[in-house]
Amino acid sequence: MKMVFAHDHYFIHHDEKVYSPGKLPYSAFARYLHHFDEIIVLSRYKSDSSFSPHWTLASGNGMVFKKIENHSSLKSVLLPSRKNVIAIKEALRGCDGVVIRLPSETGLITAKLARQMNIPYVVEVVACPWDAMVGYGSLKGLLYAPVLTWRVKQAIKKAWGAIYVTGSFLQKRYPNRHHVVSASNVELLPTSAYVLNQRLHKITASSSGPFKIGMIASLDSPHKGFNTLYQAIYRLKNRGFSIVLEITGAGSKFKNIKMIDELSLRDNIIFSGPRTPGKDIFSFLDTVDLYVQPSNQEGLPRAVIEAMSRACPVITSSAGGMPELCQSEYLHKPDDANGLAKNIEKLLNNRQEMLMMAHYSFNKARFYQPELLERIRFDFFSHYKDYLLSRRSA
């Protein structure tokens, strides 16, 4: 059986292989390859002659990648290119199932064409389009927000079923009344009491160095709240606290070096670049004292769950599904630098509270262990495949 996967993720084509700069390696497609023999991926692309060790291989047995042109302009959104429509229709012909990750323009076009061709599709809902558009802070984003939100709602409503990364947040805003499950996209390493004990030792051990705050995020994203975090660090520094912030992730668009210089934070902020998903990320998390996620838009961020799996104390904004993860007393409103600074200050020199938060994080992450999420996804796609087979026999 064949399946189409549609999303706006940028895959990199290099030396006849396809790589992901983010979190869609070949292993991420295993959840589909358990049920389908071939996966046709419809996605945006980049061709690169140079190679980065931070890419992860996405191509492999059973994978076919189709190049879809970018839909970055309003015109291309309202009037999809004929070339893209033809490519998507060609992929849909002869396929049995369709998985659409939303929000994405490629996904929305594919959903519409699948309905026209009477192909039942499922959706993976990973973020809130309304929050994403408003979070850009532009007139264009504000105008397009209600349009995109309506389009996404319709695609989800008319899907055979839906997998949501959140427990309730996205389900309430973008409901599907048919076949629904909740399963985060996070991929954790196997964990044990050793991880928690190491964290507890780190908290209780005396340290003469600065308090280290960590964050994992693309610096090309306008939604991660970098400026809010810089302003919070500035407030804490002025109160006499010794703090260093390390941000790991690709990109540079929203580094805002100008603000960092204006706040005299050059010695307090480290940009360590991208890290390879998996052990490299978890090794970084083991070095931080506190993990923060001050985003103005999120679904259920994998980085926060990854940090919690390493027993990191965690502070987040109240955006998206993050209140499902973080303790309510350590939530701040998006763009509230003063609220973020106050929450961080609660933990400085308060080891007892840090110990409590380490236990909370470690126990919360247990709900996202690979074997639990894999079972949920396996059962969902088994049900979907059975339905597709019943249609075929009928």
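Attention in this report is confined to the structure presented alongside it. (Residues numbered from 1 in each chain as written. Predicted model: local features only at pLDDT ≥ 70, side-chain atom pairs only at ≥ 80, totals over all residues. Heavy atoms only, no water.)

Leaving glycine aside, a negative phi is the common case for residues, and trans is the common case for peptide bonds. The linkage connecting leucine 102 with the following residue, proline 103, adopts the cis geometry, with an omega of 5°. Its place among the elements puts proline 103 in the loop between strand S6 (97-102) and helix H4 (105-116). In this model, serine 264 sits at a positive phi of 55°, which is unusual for a non-glycine residue. If you trace the backbone, serine 264 turns up in the loop between helix H10 (257-262) and strand S12 (269-273). Although it is not a glycine, asparagine 349 adopts a positive phi angle of roughly 65°. Here asparagine 349 is to be found in the loop between helix H13 (337-347) and helix H14 (351-365). (Helix = DSSP H or I, 4+ residues; strand = E, 2+ residues; numbered from the N terminus.)

Along the chain, the position of alanine 30 falls in helix H1 (residues 30-33). Classification of alanine 30 as partly exposed rests on a relative accessible area of 31%. Residues alanine 30 and glutamate 374, 344 residues apart in the sequence, show an inter-C-alpha distance of 9.9 Å. (Buried < 20%, exposed > 50% of the residue type's maximum accessible area, 1.4 Å probe, protein only.)

A few words on the nonpolar core. With 122 residues, the main nonpolar core has Tyr230 and Tyr291 as its most contacted residues. Excluding anything up to four places from it in sequence, tyrosine 230 contacts Leu245, Ile247, Phe254, Lys255, Asn256, Met259, Ile260, Leu263, Leu265, Ile269 and Phe271. (Core = buried A, V, L, I, M, F, W, Y, C linked by side-chain atoms within 4.5 Å. Contact = heavy atoms within 4.5 Å.)

Bringing H14 into the picture now. Compared with an ideal rise of 1.5 Å per residue, which puts 15 residues at 21 Å, H14 spans 21 Å between its outermost C-alpha atoms and is within 8% of the ideal. Within H14, burial applies to Met354, Leu355, Met357, Ala358, Ser361, Phe362 and Ala365. Considered in projection along H14, the buried side chains sweep an arc of 165° and stay on one side of the axis. Close packing links the buried residues of H14 with helix H8 (193-204), strand S10 (211-216), helix H12 (302-309), strand S14 (314-317) and H13. (Expected span 1.5 Å × (residues − 1). Arc of directions from axis to C-beta.)

Reading across from one edge, S12-S11-S10-S13-S14-S15 is the order of the 6 strands in this open sheet, with parallel pairing throughout. Of all strands in the sheet, those with a lone pairing partner are S12 and strand S15 (331-332), marking the two edges. Note: S14 against S15, 2 bridges, orientation parallel. Considered in S15, the bridge of threonine 316 is made with leucine 331. Against the sheet, H12 contacts S10, strand S13 (290-293) and S14, and its axis sits at roughly 165° relative to S13. (Pairing = 2+ DSSP bridges. Axes fitted to C-alpha atoms, helices over the stretch in contact; angles between N-to-C directions.)

Moving on, we get to the layout of surface pockets. For the second largest pocket, the calculated volume is near 540 Å³. For the lining of the second largest pocket, the secondary structure elements donating two or more residues are H1, H12 and helix H15 (370-393). Grouping the amino acids of the lining of the second largest pocket by side-chain chemistry returns 11 nonpolar, 7 polar and 7 charged. (1 Å grid on protein atoms, 1.4 Å probe; cavity = no way out; pocket = protein on both sides within 12 Å on 5 of 7 lines; lining within 4 Å. Points joined across faces, edges and corners; volume = space filled by probe spheres on them. Nonpolar A, V, L, I, M, F, W, Y, C, P; charged D, E, K, R; others polar.)

Given two aromatic rings, one states the distance between the centres and the angle between the planes to describe the pair. What the rule picks out here adds up to 14 aromatic pairs. Ring plane angle 40° and centroid distance 5.7 Å describe the contact between phenylalanine 5 and tyrosine 32, whose orientation is recorded as tilted. With phenylalanine 5 in strand S1 (residues 2-14) and tyrosine 32 in helix H1, the pair connects residues that are 27 residues apart, well separated along the chain. Classification of tyrosine 32 as buried rests on a relative accessible area of 1%. Geometrically, the ring pair formed by phenylalanine 380 and phenylalanine 381 is edge-to-face, given 5.3 Å between the ring centres and 90° between the ring planes. The class of phenylalanine 381 is buried, set by a relative accessible area of 0%. (Phe/Tyr/Trp six-rings, centres within 6.5 Å; stacked < 30°, edge-to-face > 60°.)

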